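For reference, the chains in residue letters:
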Amino acid sequence: MKKIIAIGILFGVFLYSCVHEPMDGESFSDPTPYVFSTPAGFPPPNLPSDNPLTVEGIELGRRLFYDPILSADSTISCGNCHAPNASFADTSRFSKGIRGQFGYRQSMPLFNLAWVNEFFWDGRASSLRKQIHFPIEDPVEMGERVGNVVQKLNQQPRYRKMFKKAFQVNEVTDTLMFKAIEQFLLTMVSSDSKFDQWRRGEVQLSQQELYGLQIFEKEIYNTTVTDVRLIPPPPGTLVGADCFHCHGNRNNPFFSNNFGYQNNGLDAVPSDSGRMLVTKDPTDYGKFKIPTLRNWGFTFPYMHDGRFQTIDQVLDHYEKPNPLSPNLDPGSIGKSATYGLRLRVYERTALKAFLNTLNDTAFTTNQRYQSPFR
Amino acid sequence: MKKLVLLTLGVVLFFSSCRRKTGPDCCPPVEPVGSIEVHLNHLWGTDTIVRNSGKYVTANGDTVMISDIKGLISNFNLEFTDQTSFAVDDYFYYKLSNSSTNTLVLSGIPDGGYKKMGFFMGVDSTANHSDVTIYPRTSALSTYQAGGEMHWNWADGFIFTNITGNYRPANASRYKGFSFHLGMDQNLVKFSLPVPTFTISGDSRLVEINMDWKEMFESPNLINIASQEVTHSTSGDTLATRLSANMFNMVKIGSVK
């Protein structure tokens with residue numbers, strides 16, 4: 001009997017040690033783990049091992065994302081430049097930051113970040129958590145010091161309570177603030193476009209959309225010697241738009257080469273050095289991250305500087321011979337440098353019909369990603 | 001006193017339950033194994049290739065500047081001096097632009113004397129047509145590595161070898177681009193090369209492989225880039241076949257240390 005009592009006591013001590021001490025006079029249970037669901041056809045996500053997703057952490061991150069407290073004068077939140085209806089990009093060419101200042105690059109959309117390795121148009125942030133730091137301290141965006149934000153959060157009982165529930169701490173720190181926002185951003189998954197539904201066998205693509213997919217995945221016709229609008233290719237020849245070399249094929253749910261930076265021939269002399277600002281490698285001059293085409297219908301204007309308002313303007317760009325700018329993508333410098341794509345009207349229409357299947361309205365209207373301040 | 005003894009016993013029991021089991025019932029004995037570091041030297045003749053700025057002249061008279069070379073190597077097979085062999089079940093993704101990827105580590109190599117090394121430049125048919133999303137992040141075939149750049153950006157399976165750059169024909173003043181994407185099962189290039197005999201005894205050896213890319217442009221098939229600047233190895237594309245055939249002459253075993 002005594003043995004049983006002793007073992008029971010020991011077990012009780014063990015269990016007691018697992019319970020968190022009450023903090024600030026109030027105790028909370030452990031945060032609820034959030035089960036990240038990898039959509040069909042997506043590869044394993046790149047989730048940080050030191051920041052397990054929790055319901056409370058994500059909710060805290062969502063609030064921080066939409067709270068202008070992150071900016072120096074409490075006027076700009078992350079959501080100002082990453083709006084849900086724009087697939088978390090900005091429909092303005094350049095986003096308006098603190099004190100009415102404007103940046104010089106288009107705001108990038110935010111989704112499927114759990115599969116991204118480098119962030120920003122020039123890839124200067126090697127992790128999502130590091131990325132969050134940049135806009136807060138950018139004098140044109142939020143113009144605030146991270147230390148000041150932490151101080152402001154610590155002064156708000158609501159935030160202290162939320163941090164306590166999410167991370168079991170009494171004090172807000174910069175690391176935990178970044179982790180919370182990181183958690184929210186990681187959960188923003190777009191995987192329910194018509195294309196996704198087709199991949200899952202739930203719907204059919206129309207003949208025109210399928211034709212557009214074929215054009216997307218096919219290299220351009222031999223335009224070095226032939227302008228297909230003057231001398232048509234032989235009957236039955238599929239003329240491609242050669243989108244897939246940079247934007248992937250039907251097996252790539254991201255419709256971007258996440259690893260790639262390219263110069264797509266926008267300018268003979270790029271005014272923005274792009275990737276070279278990070279690598280200092282002159283061969284990266286004028287190269288930018290290849291953006292996803294998913295949700296393109298919401299993410300206008302296009303290109304790193306938002307110079308194109310419509311998808312037709314983008315296609316017009318690829319229809320023209322590329323200027324021989326330094327480091328132009330070799331795939332572009334070849335045949336397309338001579339004539340451009342030269343898609344015929346019905347081919348462009350089909351391509352656009354396919355591209356439309358990449359827009360995911362379920363994502364942009366998902367209540368889980370909307371502002372809690374509404 | 002009894003309580004103290006019981007408590008002590010309890011603590012000991014608790015911690016002992018946390019220890020990993022060892023002994024013959026649990027873990028097989030670990031065989032002493034070595035490793036081989038394979039270093040890829042990307043050359044033009046005897047010169048080390050310098051990306052983008054190095055200008056190299058082919059036998060056809062084209063001046064070539066190489067932007068990057070990317071490729072998959074797999075199915076390493078090591079032949080012992082007694083004719084038996086050992087297969088390395090791993091895939092490797094190298095890029096000229098990323099020096100760290102040009103040293104491939106073959107681990108778990110059994111002790112013995114070796115005289116031959118075989119490998120594929122590309123991947124076997126099974127891997128070539130697999131779903132790339134199944135590979136873990138650490139795999140060379142995963143979408144975070146070759147799967148992203150060499151599979152998703154192509155139509156059929158993996159690109160085995162991807163060489164891109166600019167060139168200027170002998171009679172031209174302006175550079176244009178070229179882009180050779182070699183893939184498809186029929187263009188898999190398989191090597192089995194004699195190596196200076198070496199032994200592994202739980203240690204590591206360095207084997208250098210010299211890849212002379214000049215050969216790809218001229219031997220045995222002389223390539224006139226201007227006649228076809230791009231290949232995606234599509235059916236009936238003879239350039240891909242000719243380039244792949246040239247690759248058989250471009251790989252030589254260098255030193256073994």
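In what follows, the structure referred to is the one given above.
Residues numbered from 1 in each chain as written. Chains lettered and ligands numbered in written order. Predicted model: local features only at pLDDT ≥ 70, side-chain atom pairs only at ≥ 80, totals over all residues. Heavy atoms only, no water.

Notes on the overall build of chain B
Inference 1: A count of helical and extended segments in chain B gives four helices and 13 strands.
Inference 2: The burial tally for chain B puts 51% of its 257 residues in the buried class.
Inference 3: The long-range fraction of contacts in chain B, counting pairs at least 24 apart against all pairs at least 6 apart in sequence, stands at 70%.
Inference 4: Accessible area of chain B: about 12000 Å², with a carbon and sulfur share of 54%. (Helix = DSSP H or I, 4+ residues; strand = E, 2+ residues; numbered from the N terminus. Buried < 20%, exposed > 50% of the residue type's maximum accessible area, 1.4 Å probe, protein only. Contact = heavy atoms within 4.5 Å. Areas by Shrake-Rupley, 256 points an atom, 1.4 Å probe, with all protein chains shown as cover.)

A word on the pattern of salt bridges
Residue and element names in this part refer to chain A.
Inference 1: One pass over the full model with this rule turns up 26 salt bridges over all chains.
Inference 2: We note a salt bridge from D267 to R307, for which the minimum N-O separation is 2.7 Å. Residue D267 is found in the loop between β1 (261–262) and α11 (276–279), and its partner R307 is found in the loop between β2 (288–289) and α12 (311–319); the two are separated by 40 residues along the sequence.
Inference 3: When its relative accessible area of 26% is taken as the criterion, R307 is described as partly exposed.
Inference 4: A salt bridge links D312 to K352, with the shortest nitrogen-to-oxygen separation between them at 2.9 Å. With D312 in helix α12 and K352 in helix α15 (residues 345–356), the pair connects residues that are 40 residues apart, well separated along the chain.
Inference 5: Using a relative accessible area of 26% as the deciding quantity, one classes D312 as partly exposed.
Inference 6: Residue K352 is classed as partly exposed on the basis of its relative accessible area, which comes to 23%.
Inference 7: One salt-bridge network, held together by shared partners, links R105, D122, R124 and D272. (Salt bridge = Lys/Arg side-chain N within 4 Å of Asp/Glu carboxyl O.)

What about the packing of aromatic side chains?
Any aromatic ring pair is given by two values, namely how distant the centres are and how the planes are angled relative to each other.
Residues and elements named next belong to chain A.
Inference 1: Enumeration over the complete set of coordinates arrives at 31 aromatic pairs over all chains.
Inference 2: Aromatic pair W115 and F254: ring centres 5.5 Å apart, planes at 40°, arrangement tilted. On the criterion of sequence distance, the pair formed by W115 in the loop between α3 (78–81) and α4 (128–137) and F254 in the loop between α10 (244–247) and β1 is long-range, its members being 139 residues apart.
Inference 3: A residue is classified by how much of its surface remains accessible, and F254, at 5% relative accessible area, is buried.
Inference 4: By way of ring pairs, the aromatic residues F65, Y66, F88, F111, F184, F363 and Y369 are connected into one cluster.
Inference 5: In this structure, R275 is placed above the aromatic ring of Y261, and the distance from its NZ or CZ to the ring centre is 4.2 Å. (Phe/Tyr/Trp six-rings, centres within 6.5 Å; stacked < 30°, edge-to-face > 60°. Lys NZ or Arg CZ within 6 Å of the ring centre and 35° of its normal.)

Quick notes on the pairing of strand β4 (residues 63–80) of chain B
Residue and element names in this part refer to chain B.
Inference 1: Counting buried residues along β4, 16 of its 18 residues qualify, which places the element largely inside the surrounding structure.
Inference 2: Between strand β3 (residues 56–57) and the antiparallel strand that follows it, β4, lie five residues; G61 among them carries a positive phi value of about 95°.
Inference 3: Pairing of β4 with strand β8 (residues 159–168), which is carried by eight bridges, proceeds in the antiparallel orientation. Bridge assignment links T63 to a residue of β8, and that residue is R168.
Inference 4: Two elements, β4 and strand β5 (residues 85–95), share nine bridges in a ladder whose sense is antiparallel. Bridge pairing in β5 places L72 opposite Y93. (Pairing = 2+ DSSP bridges.)

Digging into the packing of helix α9 (residues 207–216) of chain A against α15(A)
All names here are of chain A.
Inference 1: The N-to-C vectors of α9 and α15 enclose an angle of 100°; their axes lie 7 Å apart at closest approach. In this view, α9 runs roughly perpendicular relative to α15, as classed from their interaxial angle. When α9 is examined against α15, the residues Q208, E209, Y211, G212, L213, I215 and F216 are found in contact with a partner set consisting of Y346, E347, T349, A350, L351, A353, F354 and L355.
Inference 2: Class assignment for the residues of the contact of α9 with α15 results in 10 nonpolar, three polar and two charged. (Axes fitted to C-alpha atoms, helices over the stretch in contact; angles between N-to-C directions. Parallel < 35°, antiparallel > 145°, perpendicular 65-115°, else oblique. Nonpolar A, V, L, I, M, F, W, Y, C, P; charged D, E, K, R; others polar.)

Comments concerning the side chain of D212(B)
Residues and elements named next belong to chain B.
Inference 1: Mapping D212 onto the fold places it in strand β11 (residues 204–212).
Inference 2: For the buried residue D212, which engages in no salt bridge, the nearest side chain bearing the opposite charge is K214, 6.5 Å off.
Inference 3: A polar contact of 2.8 Å, which involves the side chain of D212, links it to the backbone nitrogen of G45.
Inference 4: Here the side chain of D212 touches K214 through a polar contact of 3.1 Å, landing on its backbone nitrogen.
Inference 5: Discounting residues that sit within four places of it in the chain, D212 has contacts with L43, W44, G45 and M250. (Lys, Arg positive; Asp, Glu negative; His and termini not counted. Polar contact = N/O pair within 3.5 Å; in protein donor to acceptor, adjacent residues only side chain to side chain.)

Side note on helix α4 (residues 238–247) of chain B
All names here are of chain B.
Inference 1: If you check which residues of α4 are buried, you get L239, A240, L243, S244, N246 and M247. In a view along the axis of α4, the buried residues occupy a sector of 155°, so they form one face of it.
Inference 2: Where α4 is buried, its residues contact β7 (112–121), β8, β9 (176–183), β10 (189–200), β12 (230–231) and β13 (251–256). (Arc of directions from axis to C-beta.)

Describing the side chain of S95(A)
Residue and element names in this part refer to chain A.
Inference 1: Tracing the sequence through the fold places S95 in the loop between α3 and α4.
Inference 2: For S95, a relative accessible area of 11% puts it in the buried group.
Inference 3: Within the structure, S95 has its side chain in polar contact with the side chain of D90 (distance 2.7 Å).
Inference 4: S95 has contacts with C81, D90, Q101, F102, G103 and S107, leaving out every residue within four places of it along the chain.

What to know about the nonpolar core
Inference 1: With 71 residues, the main nonpolar core has L64(A), F163(A), M177(A) and L185(A) as its most contacted residues.
Inference 2: Of all the elements in the fold, those that place two or more residues in this core are α2 (55–66), α4, α5 (146–154), α6 (157–167) and α7 (174–186) of chain A together with β5, α3 (146–151) and β8 of chain B.
Inference 3: Top element by residues in this core is α7(A). It accounts for eight residues.
Inference 4: Not counting residues up to four positions away in its chain, the partners in contact with L64(A) are L70(A), L153(A), Y159(A), F163(A), M177(A), A180(A) and I181(A).
Inference 5: Counting residues in each nonpolar core, the second largest holds 50 residues, with W44(B), I49(B), I66(B) and F178(B) among its members. (Core = buried A, V, L, I, M, F, W, Y, C linked by side-chain atoms within 4.5 Å.)

Examining unusual backbone geometry
Inference 1: In this structure, the amide linkage connecting F300(A) to the following residue, P301(A), adopts the cis form with an omega of -5°.
Inference 2: Its location among the elements puts P301(A) in the loop between β2 and α12.
Inference 3: In this structure, the amide linkage connecting S219(B) to the following residue, P220(B), adopts the cis form with an omega of 0°.
Inference 4: Phi angles above zero are rare outside glycine, and S74(A) is one such case at about 55°.
Inference 5: Tracing the backbone through its elements, the reader meets S74(A) in the loop between α2 and α3.
Inference 6: With a relative accessible area of 40%, S74(A) lands in the partly exposed category.

Here's the deal with the layout of surface pockets
Residues and elements named next belong to chain A.
Inference 1: By volume, the second largest pocket is sized at about 940 Å³.
Inference 2: Considering the residues around the second largest pocket, the lining is formed by 45 residues, among which H82, S107, M108, F120 and Q131 are closest to the centre.
Inference 3: Elements supplying a minimum of two residues to the lining of the second largest pocket: α3, α4 and α7.
Inference 4: No other element matches the four residues that α4 contributes to the lining of the second largest pocket.
Inference 5: By residue class, the composition of the lining of the second largest pocket is 25 nonpolar, 12 polar and eight charged.
Inference 6: Shared between two domains, the lining of the second largest pocket holds at least three residues of each, these being domain 1 (20–190) and domain 2 (194–358). (1 Å grid on protein atoms, 1.4 Å probe; cavity = no way out; pocket = protein on both sides within 12 Å on 5 of 7 lines; lining within 4 Å. Points joined across faces, edges and corners; volume = space filled by probe spheres on them. Domains from an automatic or database assignment.)

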